[in-house]
Amino acid sequence: MAAVPASPAPPTDPSSLVAALRAAGCVFAEDEARLILATARTAGQAAAMAQARASGLPLEHVLGWAEFHGLRITVAPGIFVPRRRTEFLVDQALAQAPDARVVVDLCCGSGALGTALAVALDGAEVHAADIDPAAVRCARRNLAPHGGHAHTGDLYAALPARLRGRIGILTANVPYVPTAEVPLLPAEARDHEPAVALDGGPDGLDVLRRVAAEAAEWLAPGGCLLSETSARQADAALAAFAAAGLTAHRAVSHEWDAHVVIGVR
């Protein structure tokens, strides 16, 4: 009788991996170990990933991807990790403009918002832009399979001029942490994500005001601008949208503790 081939050994011992992650302070050590084991191709890679996570690298940077709006978004080291609460912004954009044919994702980071909207709005023309070339490279990888485009540059200056006055959905997940509060962020963000993706100036609204100021020139009639902010910044953000000539309101998710300011041309 022929011998039955032995089952391949798992990449590494799960209990040891969980113990190492828990010792490093990972609250969800079991879940993280499961994701590492599912992603790693070899025992050596799993061990290296666990060591990187234990040293403080964000889990998404360790895995090379983040879950966002039902998708796996590629996330490279040094790139802003999309937050699950920002899925609320995507949902609000789709509710506000379900038939949008031109979408722009400013301050795109990994391009998570643009990618989620490209998937939901099949056939829409989608563009993303960021001032960080590394972020644009990452966004391009996420958008390309869906026909999207990524551009490097400062806000609207990065966009093709032909988009002016045609944008149905304009998302801008701008940096909104006040400068003085950046050092108070969790180490995963403070030490591993670019400051340009976090620091929003003295009151956290410098970039948001710049986005709002030019939005009406780029939005189509009835087009909408959506930006995430904090509860205490929401009133000032609404005022900035209104000052730019947009009809502004806010949407709040208590489940996600998410605050989105929406301005319509």
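In this report, we go over the structure that sits alongside the text. Only a predicted model underlies this, so the values are computations on that prediction, with no experimental measurement involved.

1. Observations regarding helix α7 (residues 133-143)
Among all positions of α7, only A135, V136, C138, A139, N142 and L143 are buried. The buried residues of α7 occupy an angular sector of 165° when projected down its axis, which confines them to one face. Of the exposed residues in α7, the ones pointing more than 90 degrees away from its buried face are R137 and R141. Close packing links the buried residues of α7 with β2 (71-74), α6 (112-120), β4 (125-130) and β5 (149-152). A distance of 3.0 Å separates the backbone nitrogen of A134 from a side-chain oxygen at the start of α7, and that oxygen is part of D132.

2. A look at the side chain of E193
Within the secondary structure, E193 sits in the loop between α8 (187-192) and α9 (206-218). A polar contact of 2.7 Å, which involves the side chain of E193, links it to the side chain of R83. Not counting residues within four places of it along the chain, the set of residues in contact with E193 comprises I79, F80, V81, R83, E188 and L198.

3. Points about the layout of surface pockets
What the largest pocket holds in volume is close to 1,200 Å³. If you trace the largest pocket, you find 44 residues lining it, with V81, P82, R83, R84 and R85 closest to the centre. Within the residue set of the lining of the largest pocket, elements represented by two or more residues are α2 (29-39), α4 (59-63), β1 (65-68), α8, β7 (219-229) and β9 (258-264). By volume, the second largest pocket is sized at about 380 Å³. If you go around the second largest pocket, you meet 27 residues; those closest to its centre are C107, C108, D130, P175 and A197. Of all the secondary-structure elements, those providing two or more residues to the lining of the second largest pocket are α6, β4 and α9. When grouped by side-chain class, the residues that make up the lining of the second largest pocket number 17 nonpolar, six polar and four charged.

4. Considerations on the nonpolar core
Core analysis: the largest hydrophobic core is formed by 39 residues, its most contacted members being I169 and L226. Residues Y156, A158, L208 and A215 belong to the second largest nonpolar core, which totals 28 residues.

5. Quick look at the environment of L59
Residue position: L59 is located in helix α4. Among the residues examined, L59 registers a relative accessible area of 11% and is labelled buried. Counting along the chain gives 22 residues from L59 to V81, while the straight-line C-alpha distance between them is 9.6 Å. The residues contacting L59, other than those within four sequence positions of it, are E32, L35, I36 and R53.

6. Some thoughts on the pattern of salt bridges
Scanning all chains against the criterion turns up 16 salt bridges. Its salt-bridge partner being R53, residue E188 comes within 2.7 Å of it at the nearest N-O pair. In this pair, E188 sits in helix α8 while R53 sits in helix α3 (residues 43-54), placing the two residues 135 residues apart along the sequence. Note on E188: relative accessible area 33%, which makes it partly exposed. We note a salt bridge from R83 to E193, for which the minimum N-O separation is 2.7 Å. Taken together, the residues R83 in the loop between β2 and α5 (87-96) and E193 in the loop between α8 and α9 connect sequence positions 110 residues apart.

What counts and what doesn't
Numbering of residues starts from 1 in every chain and runs along the sequence as written. Two thresholds apply to this predicted model, a pLDDT of at least 70 for residue-level local features and 80 or more for giving and counting side-chain atom pairs, whereas whole-chain, interface and lining totals are computed over all residues. Processing note: side-chain calculations cover all non-hydrogen atoms of the structure and skip hydrogens and water entirely. Throughout this description, buried means an accessible area under 20% of the type-specific maximum (1.4 Å probe, protein chains only), exposed means over 50%, and partly exposed covers the range between. Strands here mean DSSP runs of E at least two residues long; helices mean DSSP runs of H or I at least four residues long; both are numbered from the N terminus. Within this analysis, the arc is defined by the directions that extend from the helix axis to the C-beta atoms. Contacts are assigned to residue pairs that have any heavy atoms within 4.5 Å of one another. Think of a polar contact as two N or O atoms within 3.5 Å of one another; within protein, one of them needs to be a possible hydrogen donor and the other a possible acceptor, and neighboring residues in sequence only count if both atoms come from side chains. A pocket here means an open set of points on a 1 Å grid, computed over the protein atoms alone, that has protein on both sides within 12 Å along at least five of seven lines. A cavity is instead a set of points where a 1.4 Å probe fits but cannot get out; residues with an atom within 4 Å of a point line either one. Grid points are joined across faces, edges and corners, and a volume is the space filled by probe spheres set on the points. Polar here means any residue outside two lists: the nonpolar Ala, Val, Leu, Ile, Met, Phe, Trp, Tyr, Cys and Pro, and the charged Asp, Glu, Lys and Arg; Gly therefore counts as polar. Among the buried residues, those of types Ala, Val, Leu, Ile, Met, Phe, Trp, Tyr and Cys that are joined through side-chain atoms within 4.5 Å form a nonpolar core. Salt bridge, as applied in this entry: a Lys or Arg side-chain nitrogen positioned within 4 Å of an Asp or Glu carboxyl oxygen.

The quantities given are spatial measurements derived from coordinates; they are silent on function.
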